[in-house]
Amino acid sequence: MKRSPRHSGGQHGGSSAAIPLAWLLMLALVMGGAGCAIAPAPHAATMIDKIVWPPPPMAPRIVWVQTIATGNDVGIRKGFWGRLWGTVFGEEAMRITRPYGLHVDGKRRIFIADTGGQAIHVIDRASGRYELVRGDEANRLLSPIGVAEDRREIIYVSDSAAGKIYRFNLNDLKIGAFISQGLQRPTGIVYNPHNDLLYVSDTLAGQVVAFTTQGREVFRFGMPGENPGQFNRPTDLATDGGGRLFVTDALNGRVQIFAANGVYLKGFGKQGDASGLFAKPKGIGIDSEGHMHICDALFDTVQIFDEDGQFLLSYGNRGSGKGELWMPSGLFIDHNDFIYVADTYNNRLQVFRYIREVKEDSQAEAALGAVEEQAFDKGEP
């Protein structure tokens, strides 16, 4: 399997003039001009005090925040739940095995679909509560790959091996079958608050299916193919503030965008090894300024595109250190522009933050400082 060379990152230099994102494309092309004919152009990394992209002298737009691999990383300390974990499951049971789908809600709770662990991790940072949801004998999770939450705080889980959608509430955590028929291999799942519908990508069928929260199929769209509105193994889904639906069309090497009613709007991308192309696109999320952040499992990076599909920047290096990735898959961006990436083969999450465009050096410094101040509740060192 051909893999691209490293997409490396930059770090904060502190004295750069602010540069609009549109200019980053031009800079990336200049920086990568010598080698981009055969491979993605790397964004060089330099360690100073923070891990940021792009490198100096450009203003930082992405900063690495944190690794999440155990309960300690998110403030689950040796309280009641922590002691219970250790007593019942042992320390190893607290670890993430093969994370894929992610969701973070308005209460900063993290939901992780762990295909290797055959479970959903539920992490409530505010209360220090942690739960591992596997289901019972009648509704045992086999390969949970996607997770979503509706406005009633009901959690929905796509299980690609079972061909089903399950759901549970946060009070009793009891899994029940939600959709048991009509799907071949459900993978991506997302809730759209604009119309109160759930969308599921049926990867084998080459379709996206919309359901009410009562489990009634409303419509489905797409068919196998290469034309606009058709799919070749659709996987991950995301919605934006306007209710549009974004679909990663994996084997066509592109992203397609639809209205909430399934009407095709536009698409972009093609397969290749250069920056701005796709080798194996997976998770997708939309930041507060409308940019698309898309994981590429073979590039071991995340690429950012604007509304028109123009490549802007990549972040995340190949490896297992801070800000590095190994075959990333799911991606979720919360309301504060924290970016959660399922670092699947490193058995962890990597968390970054998008920094909105700033006009002055002092604003860039303030934005980086705010990341530390607003950041996450971290565990004890």
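Everything here concerns the structure above.
Rules and cut-offs
- Residue numbers run consecutively from 1 along every chain, following the written order of its sequence.
- Where local features are concerned, this predicted model is filtered to residues with pLDDT of at least 70; where side-chain atom pairs are given and counted, the filter is 80 or more; whole-chain, interface and lining totals use all residues.
- Note that water and hydrogens are dropped before the side-chain values are worked out from all heavy atoms of the structure.
- What counts as a helix is a DSSP run of H or I of at least four residues, what counts as a strand is a run of E of at least two, and both are numbered from the N terminus.
- The contact criterion used throughout is that any non-hydrogen atoms of two residues lie within 4.5 Å.
- In the analysis that follows, any N or O atom pair within 3.5 Å is treated as a polar contact, provided that within protein one partner can donate a hydrogen and the other can accept it, and provided that, for residues neighboring in sequence, both atoms belong to side chains.
- Nonpolar core, defined: a set of buried Ala, Val, Leu, Ile, Met, Phe, Trp, Tyr and Cys residues in which side-chain atoms within 4.5 Å join the residues together.
- Note on classification: 1.4 Å probe, protein chains only; a residue is buried when its accessible area is under 20% of the maximum for its type, exposed when over 50%, partly exposed between these limits.
- Whenever Lys or Arg places a side-chain nitrogen within 4 Å of a carboxyl oxygen from Asp or Glu, that contact is recorded as a salt bridge.
- Here, strands pair whenever DSSP counts at least two bridges between them.

Peer 1: Got a minute to help me understand the environment of H194 in this structure?
Peer 2: Along the chain, the position of H194 falls in the loop between β12 (186–192) and β13 (197–202). Taking the C-alpha atoms as reference, H194 lies 8.1 Å from A260; in sequence the two are 66 residues apart. When near neighbours in sequence (up to four residues on either side) are disregarded, H194 contacts D240, G241, G242 and G243. Of the polar contacts made by the side chain of H194, one reaches the backbone oxygen of G241; its length is 2.6 Å.

Peer 1: How should I be thinking about the nonpolar core in this particular structure?
Peer 2: Note that soluble globular proteins tend to have their nonpolar side chains buried in a common cluster. By size, the foremost hydrophobic cluster in this structure holds 17 residues, and its most contacted members are W53, I62, Y315, I339, V341 and F352. When residues of this core are traced back to their parent elements, those giving at least two are β2 (51–53), β3 (62–68), β22 (301–305), β23 (311–315), β26 (331–333), β27 (338–343) and β28 (348–354). Considering each element in turn, this core owes the most residues, 3 residues, to β23. L102, I112, Y130 and V351 belong to the second-largest nonpolar core, a separate cluster that totals 16 residues.

Peer 1: I would appreciate a short explanation of the pattern of salt bridges in the present structure.
Peer 2: Close approach of charged atoms allows side chains with opposite charge to pair. Scanning the model with the defined rule gives 17 salt bridges in all. Close ionic contact of R254 with D249 constitutes a salt bridge, the shortest N to O distance being 2.7 Å. Note on R254: relative accessible area 13%, which makes it buried. The exposure class of D249 is buried, given its relative accessible area of 0%. Residues joined by salt bridges that share partners form a network here, namely D105, K107, R109, E149 and E153.

Peer 1: Got a minute to help me understand the pairing of β12 in this structure?
Peer 2: Regular strands show a simple pattern: their side chains alternate between the two faces of the sheet. Within β12, 7 of the 7 residues are buried, which leaves it mostly tucked inside the rest of the structure. With 5 bridges connecting them, β12 and β13 associate as antiparallel partners. Counterpart to V190 in the pairing with β13 is Y199. The antiparallel hairpin formed by β12 and β13 contains 4 residues in its connecting segment, where D196 sits at a positive phi of about 60 degrees.

Peer 1: Honestly, the environment of G163 in this entry has me stumped. Any pointers?
Peer 2: If you trace the backbone, G163 turns up in the loop between β9 (154–159) and β10 (164–169). Spatially, the C-alpha atom of G163 lies 9.4 Å from that of S143, the residues being 20 residues apart in sequence. Discounting chain neighbours no more than four positions away, the residues touching G163 are I179, S180, L183, Q184 and P186.

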